[in-house]
Amino acid sequence: MTDKTGTRTLQLPHPLVPENVSLGKVLETRHSIRKFSDEPLSQEDLATLLWAGYGVRDDGRRTVPSAVAFYGLQLFVVVGEVRRIDSGIYSWNPQTNGLNLMSSGDLRFQLQKATSGQEVVADAPATLVFAASEKYGERFGDRGEAFAANEVGFSVQNTLLTAVALGLGAVPVGGFSASEVADSLGIQGSGKPYLLVPVGHPA
């Protein structure tokens, strides 16, 4: 689908968080996964991970807290192998649960180069990129960086725990140059990348 601005958009399915998995079980079994099978992610799993990380609940509130409800994060998805989604870099709109195509093509190896060659980034069928707006500094002054980092942490933890509940594997990746990652993905001006989360089916 193409919107009024000519941007290609894809409406993701409704998120489906498993209800038969206890929080205790998820906490007991969560660990970092750095090797993935060749099985693609489903659209449903991707939608659920994004929603858990930064989505809008049925009551209109969000799945994570934010200082004075600022909500200045932007989530991007580097798609390699997701069913019925072309490879590329997408921005996710939490209000509409839609993906907006920013660049076409498999950019996983470009992202790997920007992370000092970390293989997990190229191996994963998809990587979620958690970026924070520069406006945190404008809004909160000296505390802006801390508030942004806190919010990314809340969001990423939700995503990691949900991955376990879905039977998936994931790992937070923070060893990279934010400017190099932004340049490799063409998201300069869209926020500072704080953490990457490669996700897929464990090998």
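Each remark here, short or long, concerns the structure printed above.
In this text, all values refer to a predicted model and were calculated from it rather than measured experimentally.

Reading guide: rules and limits
Residues numbered from 1 in each chain as written. Predicted model: local features only at pLDDT ≥ 70, side-chain atom pairs only at ≥ 80, totals over all residues. Heavy atoms only, no water. Helix = DSSP H or I, 4+ residues; strand = E, 2+ residues; numbered from the N terminus. Buried < 20%, exposed > 50% of the residue type's maximum accessible area, 1.4 Å probe, protein only. Core = buried A, V, L, I, M, F, W, Y, C linked by side-chain atoms within 4.5 Å. Contact = heavy atoms within 4.5 Å. Pairing = 2+ DSSP bridges. Arc of directions from axis to C-beta.

1. Observations regarding the side chain of Thr159
- Note that Thr159 resides in helix α6 (residues 144-165).
- For Thr159, a relative accessible area of 2% gives the class buried.

2. Looking at the nonpolar core
- Core analysis: the largest hydrophobic core is formed by 35 residues, its most contacted members being Leu46, Leu50, Val77, Ile85, Leu99, Leu128 and Val199.
- Sorting the residues of this core by element identifies α2 (43-54), β2 (73-79), β3 (88-93), β4 (98-104), β5 (126-132), α5 (135-140), α6 and β7 (192-200) as the ones contributing at least two each.
- Leave out the neighbours within four places in its chain, and Val77 touches Leu46, Leu50, Gly88, Ile89, Tyr90, Leu99, Ala126, Thr127 and Leu128.

3. Regarding the pairing of β3
- Most of β3 sits inside the fold, with five of its six residues counted as buried.
- Here β3 folds back onto β4, and the loop between the two strands holds four residues, one of which, Asn97, carries a positive phi near 60°.

4. Some points on helix α7 (residues 178-185)
- Inspection of α7 places Ala178, Val181, Ala182, Ser184 and Leu185 among the buried residues, and these make up the whole buried set. Each buried residue of α7 sits inside an arc of 165° when the element is viewed along its axis, so together they form one side.
- Gly186 sits one or two positions beyond α7 and adopts a positive phi of about 70°.

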